[in-house]
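Understanding the architecture of this molecule
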Amino acid sequence: MTDSESDGEFHRKAGSLLNLAGLDSEELPTVVIKIGTSTIMREPEPNVNKTVASFGSVSEAAGLVLDENEGEIAISTLALLTDTILTLKRGGFGVVLVTSGAVGMGCRELGITRRPTTLAGKQAMAAVGQLKLMQTYADMFRLGHQPVAQVLLSRSDFVQKHQYYNAQNTLLELLHRGVVPIVNENDTVATEELRFGDNDSLSAFVAGLINAKWLFLLTDVDQLYTDNPRDNPQAEPIKVVKDINELKVSFGKPGVGGTQWGTGGMTTKIVAARLATASGVTVCISHGRHPERVLDFVMSQSGRRLGTVFVPNSNKNIIRRGRKRWIAFGLVTRGSICIDAGAVQAIRKKKSLFSAGVVSVEGDFEGDSAVSVVDELGNEVARGLVNFSSSELDLIKRKQSDEINVILGYMAPEEVIHRGNL
């Protein structure tokens, strides 16, 4: 299948629902809002008796302070979020809400004072908490006569191409029927290997999947800073990021959220911003306690905007084609291929990867697997579907294409990764 045929297939499938509805994708600008656990769960009251957690976990090592109010739903914040989404809907926007909080709410429902550390424990808490989470959202949106839908996604839903299309078409159908999809990771059935791990990444995948205009990552700080403002009073705010590759900030410990119930952190938000901007989505990090600030960016003509905006990639670097977007963001990589500077330049010129440019191989994978392509400094430059196994690549790296058949003993493809799969 050629590159153009692949893209044509994608657009026929992805556009079928829009055509049936008599709408063009540009007629319904979509906003994706991700709200984290640190926002959903109420912060501890300052005057309430507190105790230090005494558990064999990260919480104990950090001297985590808990109290009887931590884990309660922040109803006032969710009410502001609901009103913000209703305002966006009245303004003609489609809205997708990506929410965390199921595990934390499940723990609170069962009187558990610490987040489980085992996969089975997290899945059990998510099963309990997801019901309460959706009940809360459904009750709030019902007051505004706004229908909502629960959409639970796992990493595996993006791996198979037909599942990728199904997830996309379902979300588009809901949006064009005026429904607000409420998305969460399907923690109850997800495996460690096929998990997003944090909803920042999930929201970026969803935003790219539906060609959203905006992705808002609501967190526990007003905007991105050059360092953690809690630890460094000299940290400076960053209002606009035009090139994420040139971003120089200190993120602290990766994957550490603002509360014990969260799994994200600023590092995961930068990763999400990188994914989303590569798909042409404008990303904004803003404070979750003030979800109404979303309106300042999307609908207000005034300059009163508090947050950090990540500008999408330039038009020539945006991954627009559906199949390539699936390869880049949908597939789970099984290894990596290190390439030399010449091969890096060739890939940036939309050319195929050949064996002569391969420096080394990491991981154990078969042919037709998804791999990460990195330069000699370890920076990822591409992802693609490789034509050879890792053991075969070890044999043919640095070799010319006309030597491959002799080395492997069969008629092999010329390219390590064809440009249509890169």
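Residues numbered from 1 in each chain as written. Predicted model: local features only at pLDDT ≥ 70, side-chain atom pairs only at ≥ 80, totals over all residues. Heavy atoms only, no water.

1. Notes on the overall build of the protein
Within the protein, the secondary structure is distributed over 14 helices and 18 strands. A total of 422 residues make up the protein; the buried ones form 52% of that total. Across the protein, every contact between residues at least 6 apart in sequence was considered, and the portion connecting residues at least 24 apart equals 73%. Of the roughly 19,800 Å² of accessible surface on the protein, a fraction of 50% belongs to carbon and sulfur atoms. (Helix = DSSP H or I, 4+ residues; strand = E, 2+ residues; numbered from the N terminus. Buried < 20%, exposed > 50% of the residue type's maximum accessible area, 1.4 Å probe, protein only. Contact = heavy atoms within 4.5 Å. Areas by Shrake-Rupley, 256 points an atom, 1.4 Å probe, with all protein chains shown as cover.)

2. Section: the packing of aromatic side chains
If you walk through the whole model with that rule in mind, you get 4 aromatic pairs. A network of ring pairs unites the aromatic residues Trp214, Phe216 and Phe297 as a single cluster. (Phe/Tyr/Trp six-rings, centres within 6.5 Å; stacked < 30°, edge-to-face > 60°.)

3. Notes on helix H6 (residues 119–143)
Helical periodicity: at 3.6 residues per turn, an α-helix aligns residues three or four positions apart in one direction. With 25 residues, H6 extends 36 Å from end C-alpha to end C-alpha; this agrees with the ideal 36 Å at 1.5 Å per step. Gly129 marks where H6 bends most, by close to 30°. Residues Gly121, Gln123, Met125, Ala126, Gly129, Gln130, Leu133, Met134, Thr136, Tyr137, Met140 and Phe141 constitute the buried set of H6. Phi for His145, located one or two positions after H6, is positive at around 55°. (Expected span 1.5 Å × (residues − 1). Bend = angle between axes of the 7 residues up to and from the residue.)

4. With respect to the confidence of the model for the protein
With 76% of its residues at a pLDDT of 70 or more, the protein shows a mean pLDDT of 78. Considering each helix and strand of the protein separately, the mean pLDDT is smallest for helix H3 (residues 58–61), with a value of 31, and largest for strand E4 (residues 94–99), with 96. This stretch, residues 1–26, has a pLDDT under 50; its non-local contacts, to residues over four places away or in other chains, come to 29 contacts. Contacts for the low-pLDDT stretch residues 254–264, under 50 throughout, to residues beyond four places or in other chains number 34 contacts. (pLDDT = per-residue confidence, 0-100.)

5. Let's talk about the sheet that holds strand E16 (residues 370–374)
Read across the sheet, 4 strands follow the order E15-E13-E16-E17 without closing on themselves; strand pairing throughout is mixed. A single partner strand is all that each edge strand has here, and the edge strands are strand E15 (358–363) and strand E17 (380–385). Along the sheet, successive strands turn relative to each other by an average axial angle of 25°, direction set aside. Pairing analysis gives 3 bridges linking strand E13 (residues 335–339) to E16, with the strands arranged parallel. What sits directly across from Ile337, in E16, is Val373. Packing against the sheet, helix H12 (residues 341–348) makes contact with E13, E16 and E17, and its axis sits at approximately 105° to E13. (Pairing = 2+ DSSP bridges. Axes fitted to C-alpha atoms, helices over the stretch in contact; angles between N-to-C directions.)

6. Section: the packing of helix H8 (residues 199–209) against helix H9 (residues 266–278)
Contact pair H8 / H9: the axes reach a minimum separation of 8 Å and the direction vectors enclose 10°. The orientation of H8 with respect to H9, classified from their angle, is roughly parallel. Here Asp200, Ser201, Ala204 and Phe205 of H8 lie close against H9, whose contacting residues are Thr268, Lys269, Ala272, Leu275 and Ala276. Tallied by class, the residues present in the contact of H8 with H9 amount to 5 nonpolar, 2 polar and 2 charged. (Parallel < 35°, antiparallel > 145°, perpendicular 65-115°, else oblique. Nonpolar A, V, L, I, M, F, W, Y, C, P; charged D, E, K, R; others polar.)

7. Digging into H12
Among all positions in H12, only Ala343, Val344 and Ile347 are buried. Projected down its long axis, H12 shows its buried positions confined to an angular sector of 105°, all on one face. Along H12, exposed side chains directed more than 90 degrees from the buried face belong to Ala341, Gly342 and Arg348. Two residues or fewer after H12 comes Lys350, characterised by a positive phi angle close to 70°. (Arc of directions from axis to C-beta.)

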